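A look at the structure
Below, each chain spelled out in residue letters.
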Amino acid sequence: MKPLKRPVRRGLLRVAHVAVSVSWLGLTVGLLALGITAFAAGDPATVGAATRAMKVFGDWLVVPVALLALVSGLVLALGTPWGLARHRWVWTKFWLTLITTGLSVFSLRPGIDTAAAEKAVDINLVIAPSVASATYLFITAISILKPWGLTRRGRRLRFSASSAKSVDARSSRQTA
């Protein structure tokens, strides 16, 4: 089998990153719906079913999807001209993704495990997916809008590149 050409590889990586990121948003909206259901339900059977469903999401999907979003975003940032620390929107996405991944692993999953064991949900399992969903919507918005311009490092790199081009252009004129 022939290796994939660079544009195909990059396209597949972009599609994978978008698909995983959208999946993470959908997962948190699903957790939010289950959390609200369990929190508002007076019926122990409904609470038990909702917390068991949350546990399945937490055990099998939250960590892999979060890590895939983080890793695919890092690979895209480091492997494209956007860079990781050149543009404020990419840098913001990275830190928000890193923070939400950490919170998913170290706070959300243990909270879901506790709720499933006790068959009771406190307000934290409604707030956490709400904040996560809002964060992922914000990350999606800045991915599309690309606001805020270059970081200090990005301006420095752009200036260096433009200086090098002008030196190269003058050198080629002088030797011609």
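Attention here is on the structure that accompanies the text. Quantities reported herein were computed from a predicted structural model and do not represent experimental measurements.

Reading guide: rules and limits
Residues numbered from 1 in each chain as written. Predicted model: local features only at pLDDT ≥ 70, side-chain atom pairs only at ≥ 80, totals over all residues. Heavy atoms only, no water. Helix = DSSP H or I, 4+ residues; strand = E, 2+ residues; numbered from the N terminus. Rg over C-alpha atoms; globule rule 2.2 N^0.38 Å. Buried < 20%, exposed > 50% of the residue type's maximum accessible area, 1.4 Å probe, protein only. Contact = heavy atoms within 4.5 Å. Areas by Shrake-Rupley, 256 points an atom, 1.4 Å probe, with all protein chains shown as cover. Lys, Arg positive; Asp, Glu negative; His and termini not counted. Charge placed at Lys NZ, Arg CZ, Asp CG, Glu CD. Expected span 1.5 Å × (residues − 1). Bend = angle between axes of the 7 residues up to and from the residue. Axes fitted to C-alpha atoms, helices over the stretch in contact; angles between N-to-C directions. Parallel < 35°, antiparallel > 145°, perpendicular 65-115°, else oblique. Left-handed = near helix turned anticlockwise from the far one by under 90°. Nonpolar A, V, L, I, M, F, W, Y, C, P; charged D, E, K, R; others polar. Salt bridge = Lys/Arg side-chain N within 4 Å of Asp/Glu carboxyl O. Patch = residues over 30% accessible without salt bridge, like charges linked within 9 Å, V, L, I, M, F, W, Y side chains within 5 Å.

Helix and strand content of the chain: five helices and zero strands. Counting from the amino terminus, the chain carries its helices and strands in the arrangement α-α-α-α-α. Against the globule reference of 16 Å for 176 residues, the chain gives a C-alpha radius of gyration of 22 Å, more extended than a compact globule. Principal-axis analysis of the C-alpha atoms places the extent of the chain at approximately 85 × 45 × 25 Å. Counting only residues that meet the buried cut, the chain has 32% of its 176 residues in that class. In the chain, of all internal contacts separated by at least 6 residues, the share reaching a separation of at least 24 is 77%. With an accessible surface of roughly 10,800 Å², the chain has 70% of that area assigned to carbon and sulfur atoms. In the chain, 22 side chains carry a positive charge and 6 a negative one; their mean positions are 27 Å apart.

What follows is about helix H2 (residues 44-79). For H2, built from 36 residues, the straight-helix expectation of 52 Å at 1.5 Å per residue is met to within 8% by its first-to-last C-alpha distance of 50 Å. At Leu 61, H2 shows its largest bend, some 45 degrees, and a proline, Pro 64, comes one to four positions later.

For the rest of this paragraph, the subject is the packing of helix H3 (residues 88-118) against helix H4 (residues 124-145). At a minimum axis distance of 10 Å, the contact between H3 and H4 shows a crossing angle of 160 degrees. As the angle between them shows, H3 and H4 are arranged roughly antiparallel. Both H3 and H4 take part in a crossing whose hand is left-handed. Residues Trp 89, Thr 92, Lys 93, Leu 96, Thr 97, Thr 100, Ser 104, Leu 108, Gly 111, Ile 112 and Ala 115 of H3 touch H4, and the partners they reach there are Leu 125, Ala 128, Thr 135, Tyr 136, Phe 138, Ile 139, Ile 142 and Ser 143. For the contact of H3 with H4, a count of residues per class yields 11 nonpolar, seven polar and one charged.

This model, assessed by the stated rule, comprises three salt bridges. Put simply, Lys 55 and Asp 59 hold a salt bridge, and the shortest N to O gap is 2.8 Å. Note that Lys 55 and Asp 59 are positioned in helix H2 at a spacing of four residues, about one turn of the helix. When its relative accessible area of 31% is taken as the criterion, Asp 59 is described as partly exposed. Residues Arg 109 and Asp 59 are paired through a salt bridge, measuring 3.2 Å at the closest nitrogen-oxygen approach. Remark: Asp 59 occurs in helix H2 and Arg 109 occurs in helix H3; sequence separation between them is 50 residues. Taking relative accessible area as the criterion, Arg 109 reaches 24% and is therefore assigned partly exposed.

Take a nonpolar patch on the surface next. A contiguous nonpolar surface patch, about 460 Å² in accessible area, is contributed by Trp 91, Trp 95, Leu 98, Ile 99 and Leu 103. Its location among the elements puts Leu 103 in helix H3.

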